[in-house]
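Residues per chain are reported as follows:
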Amino acid sequence: MRSVLVLILAIIATMHDAGASVQKATPEVRTLSGEWTFFAEGYVMPLSLRQDGTRVTGTLEGFHGPFPLQGEFRKGLIHFAGSSDGGGIRHGDDSNDIDLFAIGTLQPDGSLKGTLVSTVGNLTWHAERKTVSKD
């Protein structure tokens, strides 16, 4: 657990330094609220975000159940965390729970990109806003 915390802090420090350059290249975004597609090393999952000021909440629809999320978006940087009951997956400690922590940056094209640390593995991820069809 301590190594996960150290990894998270190192990633946050790295992303914080990168955030200054991303801010300048990123157009002003009004809100992250909406529906997204979340890609993480071969996994594709629906992501719903709601932003209120800098506070971000939402749900990542994982393959083993939903992850209610809470986090923050500020100055082009996003971080969020969530937990799921794992949908029946058993881990080495005989629990089902899956915890995740993610950090990322807003990209110039409006997508999000970052790193995710979880109890079942560490992944790079990106998310693209779903387009609304005009039917």
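Structure shown above.
For clarity, every value in this text was computed on a predicted model and none was experimentally measured. Counting from 1, residues in each chain are numbered in the order their sequence is written. Local features in a predicted model are, by the rule used here, given only for residues with pLDDT of at least 70; side-chain atom pairs are given and counted only at 80 or more, and totals for whole chains, interfaces and linings are based on all residues. Only hydrogens and water are removed before side-chain values are computed, so all heavy atoms of the structure are retained for them.

Caption draft 1: Spatial organisation of the nonpolar core. Counting residues in hydrophobic clusters, the biggest one holds 22 residues, and the most contacted among them are Phe38, Leu47, Leu60, Phe80, Leu112 and Trp125. Contributing elements (two or more residues each) for this core: β1 (34-40), β2 (43-52), β3 (55-62), β4 (65-74), β5 (77-84), β6 (98-106), β7 (112-118) and β8 (121-129). Only DSSP runs of H or I reaching four residues or more are called helices, and only runs of E reaching two or more are called strands; each is numbered from the N terminus. Per-element tally for this core: the top contributor is β6, with 4 residues. Note on terminology: a nonpolar core comprises buried Ala, Val, Leu, Ile, Met, Phe, Trp, Tyr and Cys residues joined through side-chain atoms within 4.5 Å. Accessible area is worked out with a 1.4 Å probe on protein chains only. A residue is then buried under 20% of its type maximum, exposed over 50%, and partly exposed in between.

Caption draft 2: Summary view of unusual backbone geometry. A positive phi angle, near 45°, is found at Glu41, a position not held by glycine. Following the sequence through the fold, Glu41 ends up in the loop between β1 and β2. The phi dihedral of Lys75 is positive, around 55°, even though this residue is not glycine. Considering the arrangement of structural elements, one finds Lys75 in the loop between β4 and β5.

Caption draft 3: Molecular detail of the packing of aromatic side chains. Two aromatic rings from Phe, Tyr or Trp, using only the six-membered ring of Trp, form a pair when their centres are within 6.5 Å; if the ring planes differ by under 30 degrees the pair is stacked, by over 60 it is edge-to-face, and anything between is tilted. Per the counting criterion, the structure on display carries 2 aromatic pairs. Ring centres of Phe38 and Trp125 lie 5.1 Å apart, and the angle between their planes is 20°; on these two criteria the pair is classed as stacked. Within this pair, whereas Phe38 is found in strand β1, its partner Trp125 is found in strand β8, the two being separated by 87 residues in sequence. Grouping residues by exposure puts Phe38 and Trp125 together as buried. What links up through ring pairs into an aromatic cluster is the set Phe38, Phe80 and Trp125.

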